[in-house]
Amino acid sequence: PVDCGIEGNFVPILAVGNDDLELEETEAWEVGYSGLWGNRVFVTVDYYNSKNKNFITDLVPQVGTILGNLDGCLDRDGEQETDPTNCPINNDYLPWVSTEEAETTILIGDLTVAQALRNAVERSVGGDTLGFRLAQDLDGSTIVVGRTYANIGEVKTQGVDFGLQYFIARGLSMQASYSWFDFTILDDSGLLEELEEILLPNSPEHKASLSFSFARNGWSAGLSGRWVHGFRWSAGIFQGDVPAYHTVDLAAGYQFNDVIRLGLNVANVTDNVHRQTYGGDLLSRRALLNLAFTWN
């Protein structure tokens, strides 16, 4: 029975803002082509390139990365800390300090009650890997700071989008697309390897699609397939790999007259259970039957 100075029935875990963020600046350019070939093939090709200065990250660990803020960050001996991984990114949220009783009462060995509580919180929510720490809110109340935003040098992105539509016959056409995406952190400090796991675009390098559509005499139908290359995902506490996946979708409909239309859409016909974001839902087959009435 030691008073640790924590009031209330729960301690919130927060992702906090950052007053030290600098404005992100972007320079971008794009070039493209679109044209109709032989009255049957329509082609589009686009290349884009951008450079982001003072790139603003997604929510990253408040403590435990090289993005830590050394200003006012002291080690256990009260000396200036030199390792940014031991410092929070946002120093507005001070380390949690318990009551004198908890800070001086020995639990076992030289471990105090307050330090045992700090250790328990860090381990229970992944302190060393996810960066959660007990801290003080701006009003002094007890919180756990989990994530915050930060700036990181420059990031370069580029990519190509290609699209093709081929009119096979009256009412019948084929569409195909392909996209390539590249993401590079411009870093001269040699610390890039420490950033690769948390600074990610959350987008695949390659993706492609192919579809066929038919529309004639009130009937319409379409069959499409999409393939997405596997990629790494990092957003807050959700960090992991999204495996490559593919889906096949079916759509059909009939226009009875100017007023009534019946339609059927089946997404992921083959029931290829997959996820499109790490930490997101597992997606399986979904069918939707709809009846539409239109009038003026």
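It should be noted that the structure appears before, not after, this text.
Report on the accompanying structure.

Calculation rules
Residues numbered from 1 in each chain as written. Predicted model: local features only at pLDDT ≥ 70, side-chain atom pairs only at ≥ 80, totals over all residues. Heavy atoms only, no water. Helix = DSSP H or I, 4+ residues; strand = E, 2+ residues; numbered from the N terminus. Rg over C-alpha atoms; globule rule 2.2 N^0.38 Å. Contact = heavy atoms within 4.5 Å. Areas by Shrake-Rupley, 256 points an atom, 1.4 Å probe, with all protein chains shown as cover. Lys, Arg positive; Asp, Glu negative; His and termini not counted. Charge placed at Lys NZ, Arg CZ, Asp CG, Glu CD. Patch = residues over 30% accessible without salt bridge, like charges linked within 9 Å, V, L, I, M, F, W, Y side chains within 5 Å. Salt bridge = Lys/Arg side-chain N within 4 Å of Asp/Glu carboxyl O. Phe/Tyr/Trp six-rings, centres within 6.5 Å; stacked < 30°, edge-to-face > 60°. Buried < 20%, exposed > 50% of the residue type's maximum accessible area, 1.4 Å probe, protein only. Pairing = 2+ DSSP bridges. Polar contact = N/O pair within 3.5 Å; in protein donor to acceptor, adjacent residues only side chain to side chain. Core = buried A, V, L, I, M, F, W, Y, C linked by side-chain atoms within 4.5 Å. Disulfide = S-S within 2.5 Å. Axes fitted to C-alpha atoms, helices over the stretch in contact; angles between N-to-C directions.

## Topic: the overall build of the protein
Scanning the protein from N- to C-terminus turns up four helices and 17 strands. Here the C-alpha atoms of the protein give a radius of gyration of 27 Å, more than 25% beyond the 19 Å that 2.2 N^0.38 yields for 296 residues. For the protein, the proportion of contacts with a sequence separation of at least 24, taken over those separated by at least 6, is 58%. When the accessible surface of the protein is split by element, carbon and sulfur atoms take 55% of a total near 18,100 Å². The average position of the 18 basic charges and that of the 41 acidic charges among the side chains of the protein differ by 18 Å.

## What about a nonpolar patch on the surface?
On the surface, a nonpolar cluster with roughly 840 Å² of combined accessible area is contributed by Phe256, Val259, Leu262, Leu264, Leu289, Leu291, Phe293 and Trp295. Of all the secondary-structure elements, those providing two or more residues to the nonpolar patch are strand S16 (260-267) and strand S17 (286-293). If one sorts the elements of the nonpolar patch by residue count, S17 sits on top with three residues.

## Focus: the packing of aromatic side chains
Under the criterion given, the structure shown has four aromatic pairs. Seen in terms of ring centroids, Trp219 and Tyr254 are 4.5 Å apart; in terms of plane orientation they differ by 45 degrees. Their pairing is tilted. In this pair, Trp219 is assigned in strand S12 (residues 219-228) and Tyr254 in strand S15 (residues 245-255), connecting sequence segments 35 residues apart. In this structure Trp219 comes out as exposed when scored by relative accessible area, which is 52%. Centre to centre, the rings of Tyr254 and Phe256 are 4.8 Å apart; their planes meet at 90 degrees, and the pair counts as edge-to-face. Using a relative accessible area of 47% as the deciding quantity, one classes Phe256 as partly exposed. Put simply, the rings of Trp219, Tyr254 and Phe256 pair up and form one aromatic cluster.

## Regarding the pairing of strand S13 (residues 231-235)
The pairing of S13 with strand S14 (residues 238-242) spans five bridges and is antiparallel. If you follow Phe231 over to S14, its bridge partner there is Val242.

## Considering unusual backbone geometry
Notably, Asn202 is not glycine yet its phi reads approximately 55 degrees, a positive angle. Along the chain, Asn202 turns up in the loop between helix H4 (192-195) and strand S11 (206-216). Phi at Asn268 takes a positive value of approximately 60 degrees, unusual for a residue other than glycine. Within the secondary structure layout, Asn268 lies in the loop between S16 and S17.

## A closer look at the side chain of Thr142
Along the polypeptide, Thr142 turns up in strand S8 (residues 142-148). Residue classification places Thr142 among the buried positions, given a relative accessible area of 14%. Engagement of the side chain of Thr142 in a polar contact is seen with the side chain of Trp96, the distance being 3.2 Å. Not counting the four nearest positions on each side in its chain, Thr142 is found in contact with Gly5, Ile6, Val11, Pro12, Trp96, Leu134 and Ala135.

## What to know about the nonpolar core
Core analysis: the largest hydrophobic core is formed by 14 residues, its most contacted members being Val60, Leu67, Ile152, Leu195 and Leu199. With three residues, strand S10 (residues 172-186) is the largest single contributor of residues to this core. Ranked by size, the runner-up nonpolar core spans nine residues in total, among them Cys4, Trp96, Val113 and Leu134.

## Details of the pattern of salt bridges
One pass over the full model with this rule turns up two salt bridges. Here Asp241 and Arg232 are joined by a salt bridge, their closest N and O atoms 3.3 Å apart.

## Section: the state of the cysteines
Within this structure, the stated rule accounts for one disulfide. One disulfide bridge connects Cys73 with Cys87, the sulfur atoms lying 2.1 Å from each other. Between Cys73 and Cys87, the S-S dihedral sits near -95 degrees, and the bridge is therefore left-handed. Here Cys87 lies in the loop between strand S4 (60-61) and helix H1 (100-104) and Cys73 lies in the loop between S4 and H1, a separation of 14 residues in the sequence. By relative accessible area, Cys73 is classed as buried at 7%. For Cys87, a relative accessible area of 0% translates into the label buried.

## Let's talk about the sheet that holds strand S9 (residues 154-169)
Taking strand neighbours across the sheet as the criterion, the nine strands line up as S2-S3-S9-S10-S11-S12-S15-S16-S17 in an open arrangement whose pairing is antiparallel. Pairing within the sheet leaves two strands with one partner each, and these edge strands are strand S2 (25-37) and S17. Mean inter-strand twist for the sheet, computed between neighbouring axes without regard to direction, equals 10 degrees. Of the strand pairs in this sheet, S11 and S12 are connected by ten bridges, and their pairing is antiparallel. Bridging across to S12, Ala215 finds its partner in Ser220.

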